[in-house]
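Fold and contact review
Here's the letter readout for the chains.
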Amino acid sequence: MTTINKLKILNDPIYGFITIPNTLLYDLIEHPYFQRLRRISQMGMSYLVYPGAHHTRFHHALGCMHIMQKAVQVLRSKNIEISAEEEKALYIAILLHDIGHGPFSHAMEHSIVEKVSHEAISLLFMDQLNETFKGELSLAIQIFKGQYHRKFMLELISSQLDMDRMDYLKRDSFYSGVAEGNINSERLIQMINVQDDTLVVEEKGIYSVEKFIVARRLMYWQAYLHKTSVCAELILMRVLKRAKELTHKGTTLWCSNALQFFLQNQISEQTFDLKALEQFALLDDSDIIGALKSWQFHEDYVLSELSRMIINRDLLKIRLISEKVSKEEVEEMRLKWMNLKNLSKEEASYFIFKGKVKNQAYKKTEEPIRILKKSKEVIDVLEASDQLNLKALSKPVTKYFVCYPKTLLET
């Protein structure tokens, strides 16, 4: 019998060579649940703005696992005890932290599944994999849920300076070409330590932390909350909502069986059973793109028009404004579109809508990024920094928008 070498080395454009540190991680990566992430884009609809942004959740998860390995090495070198079992659990938890993402990353959470977060779905996948792997993921799940007694381990996976953010900022910056997001994750990791069971950054790393927070703010405005990306994602959510509505009225739409399942059923966190999970595991970006290509020729004007907009990148116009758009202005625009296209009020609302986007690079309400001073005192980065703009970055900035068809104002 031939034995497979499971300690593989992978080539990554960001870090160079990445090693898979143990056979269990190799088996998890090989599992169909994880392989699905190869077909889920990391930045959703951002490729419509940045043509290079076609990298996947698979890429990102492996990158996170790689920098978690670096973090464990650094902490051990500073005499922080991490057992072999804890090390393995940290790698599993960070590898699987995004496994619950649906097609185009966030669009599904608010359209065909009823307000079920990707974190909740990630946990369902982890529980299922834990059964398959006979309890080997138990400690990883405990850490992921924040139930393990060593608090800093959760902070490595989910906090304001976690391995997830360190990878996605650097990776998304690289693939989108938005250079402002490029952070020095290597230096940040060299500077981390643990004090009183919490993750801290040594004082000499403060400028790297400042750069990290600024980079996060810039990536949000230039990439994640870019008005065209926001508009495209909202259109996609409306396509799926319309498809679900038509399905419930008895219209049969061409799409994959997995997508059909979510169009036909009301799936909420309470009803997300094993059958729903198995169907969700079959969904990826190609199900959505395939459906849109077919639906652009459907007789329903709303479904076909919105599908065509994404396929041909001929999107709605989005206008950003500093103050809320009045209900009256939106109603007036809808009325005009209803008369022009002979639509009902409900149908017109698919094309004309308002909303807001919020960017807060650093949240005072969450666990802070802590700086460890030479005197061993631990303080919030906002207090430690001489950068006045860091305090400004902790204030939420809200921008309002209105979306409408380009031809509306020409008529």
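Up top is the structure.
This part is about the environment of Leu 259. By the element assignment, Leu 259 lies in helix α12 (residues 257–264). In sequence terms Leu 259 and Trp 337 are 78 residues apart; their C-alpha atoms lie 30 Å from each other.

This paragraph deals with the state of the cysteines. Simply put, disulfide is the name for a covalent bond between the sulfur atoms of two cysteines. Within this structure, the stated rule accounts for zero disulfides. Its sulfur unpaired, Cys 403 is 4.1 Å from the next cysteine sulfur, which belongs to Cys 231. The class of Cys 403 is buried, set by a relative accessible area of 0%.

With respect to topology, three strands assemble into an open sheet ordered β5-β9-β6, the strand pairing being antiparallel. Two strands close off the open sheet at either side, each with one partner strand: β5 (317–321) and β6 (353–359). Sheet twist, expressed as the average angle between the axes of neighbouring strands with direction ignored, equals 30 degrees. Strand direction decides the pairing type here: β5 and strand β9 (residues 397–404), joined by five bridges, are antiparallel. Each bridged residue has a counterpart across the sheet, and for Lys 317 the counterpart in β9 is Tyr 404. Running at roughly 165 degrees to β6, helix α10 (residues 206–224) makes contact with β6 and β9 of the sheet. Strand contacts of helix α11 (residues 227–248): β5, β6 and β9, with the helix running at about 125 degrees to β5, the strand carrying the most contacts.

With that settled, consider unusual backbone geometry. Although it is not a glycine, Asp 196 sits at a positive phi angle of roughly 50 degrees. Relative to the assigned elements, Asp 196 resides in the loop between β3 (192–195) and β4 (198–202). Positioned with a positive phi, Asn 342 is a non-glycine residue whose angle comes to about 55 degrees. Turning to its location among the elements, Asn 342 is positioned in the loop between α16 (327–341) and α17 (345–348). The exposed category is assigned to Asn 342, whose relative accessible area is 70%.

Counted according to the given criterion, the structure contains 13 aromatic pairs. One aromatic cluster in this structure is built from Tyr 33, Phe 125, Phe 261, Phe 262, Phe 272 and Phe 280. Looking at Arg 38, its charged tip hangs above the ring of Phe 58, at a distance of 3.9 Å from the centre. In this structure, Arg 238 is placed above the aromatic ring of Phe 353, and the distance from its NZ or CZ to the ring centre is 3.5 Å.

Under the counting rule described, the total for this entry stands at 22 salt bridges. A salt bridge links Lys 406 to Asp 314, with the nearest nitrogen and oxygen atoms 3.4 Å apart. Separated by 92 residues along the polypeptide, Lys 406 in the segment after β9 and Asp 314 in the loop between α15 (301–311) and β5 bring together distant segments of the chain. Since its relative accessible area comes to 42%, Lys 406 is described here as partly exposed. Classification of Asp 314 as partly exposed rests on a relative accessible area of 32%. Where salt bridges share partners, they join Lys 151, Glu 155, Glu 367 and Arg 370 into one cluster.

Two elements in contact, α11 and α12, have axes whose closest approach is 8 Å; the angle formed by their N-to-C orientations is 75 degrees. Relative to α12, the element α11 is oriented roughly perpendicular. In contact with Leu 240, Ala 243, Lys 244, Thr 247 and His 248 of α11, α12 contributes Leu 259, Gln 260, Phe 262, Leu 263 and Gln 264.

Let's shift gears to the packing of α12 against helix α14 (residues 285–295). Where α12 meets α14, the closest approach of the two axes is 9 Å, and the angle between their N-to-C directions is 80 degrees. Taken together, the axes of α12 and α14 are roughly perpendicular relative to one another. Residues Ala 258, Leu 259 and Leu 263 of α12 pack against Asp 287, Ile 288, Ala 291 and Trp 295 of α14. Residues that form the contact of α12 with α14 fall into these classes: six nonpolar, no polar and one charged.

Residue placement: Ser 158 occurs in the loop between α7 (151–157) and α8 (163–176). Residue Ser 158 is classed as partly exposed on the basis of its relative accessible area of 47%. A C-alpha to C-alpha distance of 8.9 Å links Ser 158 and Ile 94, two positions 64 residues apart in sequence.

A word on the nonpolar core. Core analysis: the biggest nonpolar cluster contains 148 residues, and Leu 156, Ile 213, Leu 259, Trp 295 and Phe 351 have the highest contact counts within it. Every residue in contact with Leu 156, bar those within four places of it in the chain, is listed here: Met 68, Ala 71, Leu 75, Leu 90, Ile 94, Asp 162, Met 163, Ile 192 and Leu 199.

This part covers the sheet that holds strand β7 (residues 370–372). In spatial order, the strands read β3-β4-β7-β8; together these four strands make up an open sheet with mixed pairing. Every other strand in the sheet has two partners, leaving β3 and β8 (378–380) as the edge strands with one partner each. In this sheet, neighbouring strand axes are inclined to one another by 45 degrees on average, regardless of whether the strands run parallel or antiparallel. Where β4 and β7 come together, three bridges link them in parallel fashion. Of the residues in β7, the one forming a bridge with Val 201 is Ile 371.

Moving on: α15. With eight of its 11 residues buried, α15 lies for the most part within the structure. Within α15 the residues assigned to the buried category are Val 302, Leu 303, Ser 304, Glu 305, Leu 306, Ser 307, Met 309 and Ile 310. Elements in contact with the buried residues of α15: α11, α14 and α17. Just downstream of α15, Arg 313 is the residue with a positive phi angle, here 50 degrees.

Reading the values: the criteria
Residues numbered from 1 in each chain as written. Predicted model: local features only at pLDDT ≥ 70, side-chain atom pairs only at ≥ 80, totals over all residues. Heavy atoms only, no water. Helix = DSSP H or I, 4+ residues; strand = E, 2+ residues; numbered from the N terminus. Disulfide = S-S within 2.5 Å. Buried < 20%, exposed > 50% of the residue type's maximum accessible area, 1.4 Å probe, protein only. Pairing = 2+ DSSP bridges. Axes fitted to C-alpha atoms, helices over the stretch in contact; angles between N-to-C directions. Contact = heavy atoms within 4.5 Å. Phe/Tyr/Trp six-rings, centres within 6.5 Å; stacked < 30°, edge-to-face > 60°. Lys NZ or Arg CZ within 6 Å of the ring centre and 35° of its normal. Salt bridge = Lys/Arg side-chain N within 4 Å of Asp/Glu carboxyl O. Parallel < 35°, antiparallel > 145°, perpendicular 65-115°, else oblique. Nonpolar A, V, L, I, M, F, W, Y, C, P; charged D, E, K, R; others polar. Core = buried A, V, L, I, M, F, W, Y, C linked by side-chain atoms within 4.5 Å.

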